Amino acid sequence: QVHLVESGGGLVQAGGSLRRSCVASGSSFSIDAMGWSRQAPGKQRELVAAITSGENTNYADSVQGRFTISRDNAQNTVYLQMNSLKPEDTAIYYCNADVRVRVLDVIHAMDVWGQGTLVTVSS
C-alpha cells in the first residue's frame, strides 16, 4: 500500500502565505502525477494544482499566479506554496498521487489521497 501524509496548513490572515507538503510512503511503488485539491464548505472538491512526473504544472484559474506546486521525486514529496491568500481560499486541502504499485510482479495503478487538512484564511 501507499500512504500520503500531509503537513502544513492552519490559520493565516488574508495576504499571508502557507506551505503545504505531502509525503508518499510505501513499498515497490512509483509516482506519476501529483496534485492538490480543495473542498470548501458546501462546495464540490476542485483541483487546485497538478504536476506531472516531468514537472509540467497546471493550476486552477483562481490560484494562478498565487500558488506554486513543486515536487521532490527523491523524497516522494509534493509541495504547495500558497501566497497572497484570500478568505475564499479557506477549504480542506487534499493531496493526491497517481501511483503504480508492484504486487507479486503485477503493476496496479492507483489514485491515492491524503487525509486532508483545513486551511483557514481570515479577513
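From a predicted model like this one, the values you see are computed outputs, not experimental measurements. (Residues numbered from 1 in each chain as written. Predicted model: local features only at pLDDT ≥ 70, side-chain atom pairs only at ≥ 80, totals over all residues. Heavy atoms only, no water.)

### Focus on the pairing of strand β4 (residues 29-39)
Then, in step 1: Relative to strand β9 (residues 91-103), β4 is paired through 9 bridges, and the arrangement is antiparallel. Bridging from a neighbouring strand, Ile-31 pairs with Val-99 of β9.
Then, in step 2: Where β4 meets strand β5 (residues 46-51), 5 bridges bridge the pair, whose relative direction is antiparallel. By the bridge assignment for β5, Ser-37 is matched with Leu-47.
Then, in step 3: With antiparallel pairing between neighbouring strands as the criterion, β4 and β5 make up a hairpin whose turn holds 6 residues, including Gly-42 at a positive phi of roughly 75 degrees. (Pairing = 2+ DSSP bridges. Helix = DSSP H or I, 4+ residues; strand = E, 2+ residues; numbered from the N terminus.)

### Regarding the environment of Ile-69
Then, in step 1: With respect to the helices and strands, the residue Ile-69 is situated in strand β7 (residues 67-72).
Then, in step 2: A relative accessible area of 4% means that Ile-69 is categorised as buried.
Then, in step 3: In this structure the C-alpha to C-alpha distance between Ile-69 and Leu-11, which are 58 residues apart in sequence, comes to 20 Å.
Then, in step 4: With near-sequence residues (within four places) excluded, Ile-69 lies in contact with Met-34, Gly-35, Trp-36, Ala-49, Ala-50, Ile-51, Thr-57, Tyr-59, Val-78, Tyr-79 and Leu-80. (Buried < 20%, exposed > 50% of the residue type's maximum accessible area, 1.4 Å probe, protein only. Contact = heavy atoms within 4.5 Å.)

In short, the description is geometric, and any link to function would need to be established separately.
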